[in-house]
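Residues per chain, in single letters:
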Amino acid sequence: MIKEVSSISELKAAMTSDAHEIVTHNDALVKKLKAVKLAKSWGPAAVGGIIAAIPLVVTTGPVGAGAVAAFAPSAGVATSTIVALIVAVGGSIAISLFSDWEYVEIGIDGIKMKRKKT
């Protein structure tokens, strides 16, 4: 099933549904998901560090950004965007963004998430 979303709440619902693809053209959401895609390109150690920092970010909000930033100090904009997304979606869904989904950009204004096959 393919779901199109235009907000964080719709993204959360789609991620917990049986959707195997999620598509968005919402500018703010596309920016956040592209930041996750970029962070995944930094390698497994960076992704592992971000995932490990998620509980801290969820409980402390932006104060926990330092923990995420430690894994990608030169990527300040992406880091702050990822922190905002983590705070918005919550811990377990944020972990799923890094571990359960692959990202494909659709033109210049969209992104598609594909659930990894297990």
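Now for a quick tour of the structure. (Residues numbered from 1 in each chain as written. Predicted model: local features only at pLDDT ≥ 70, side-chain atom pairs only at ≥ 80, totals over all residues. Heavy atoms only, no water.)

### Focus: the overall build of the protein
The number of helices and strands found in the protein is six helices and four strands. Counting all 118 residues of the protein, 39% fall into the buried class. Restricting the contact set of the protein to residue pairs at least 6 apart, pairs at least 24 apart contribute 54%. Carbon together with sulfur atoms contributes 62% to the accessible area of the protein, which is approximately 5900 Å² in total. (Helix = DSSP H or I, 4+ residues; strand = E, 2+ residues; numbered from the N terminus. Buried < 20%, exposed > 50% of the residue type's maximum accessible area, 1.4 Å probe, protein only. Contact = heavy atoms within 4.5 Å. Areas by Shrake-Rupley, 256 points an atom, 1.4 Å probe, with all protein chains shown as cover.)

### Topic: the pairing of strand 2 (residues 21-24)
Working note: regular strand, side chains alternate between the two faces of the sheet. Here strand 2 shows two buried faces, one formed by Glu21 and Val23 and the other by Ile22 and Thr24. For strand 1 (residues 2-5) and strand 2, the ladder comprises four bridges, and the chain directions are parallel. Paired with Glu4 across the strands is Val23, a residue of strand 2. The sheet contact formed by strand 2 and strand 4 (residues 110-115) spans four bridges and is antiparallel. (Pairing = 2+ DSSP bridges.)

### Digging into the nonpolar core
If you look at the biggest cluster of nonpolar residues, it comprises 27 residues, and the most contacted ones within it are Ile22, Leu33, Leu97 and Met113. If you list the elements that add at least two residues to this core, you get helix 1 (8-15), helix 2 (27-41), helix 3 (44-60), helix 5 (76-89), helix 6 (91-99), strand 3 (101-106) and strand 4. For this core, the leading source of residues is helix 2, giving six residues. Not counting chain neighbours up to four residues away, the residues in contact with Ile22 comprise Lys3, Val5, Leu11, Ala14, Met15, Trp101, Ile111, Lys112 and Met113. (Core = buried A, V, L, I, M, F, W, Y, C linked by side-chain atoms within 4.5 Å.)

### Structural notes on the environment of His25
Residue position: His25 is located in the loop between strand 2 and helix 2. For His25, a relative accessible area of 34% gives the class partly exposed. In this structure, the C-alpha to C-alpha distance between His25 and Lys112, residues 87 residues apart in sequence, is 9.0 Å. Among residues more than four places away in sequence, those in contact with His25 are Glu4, Val5, Val30, Ile106, Asp109 and Gly110. Reaching out from His25, the side chain makes a polar contact with the backbone oxygen of Asp109 at a distance of 3.5 Å. (Polar contact = N/O pair within 3.5 Å; in protein donor to acceptor, adjacent residues only side chain to side chain.)

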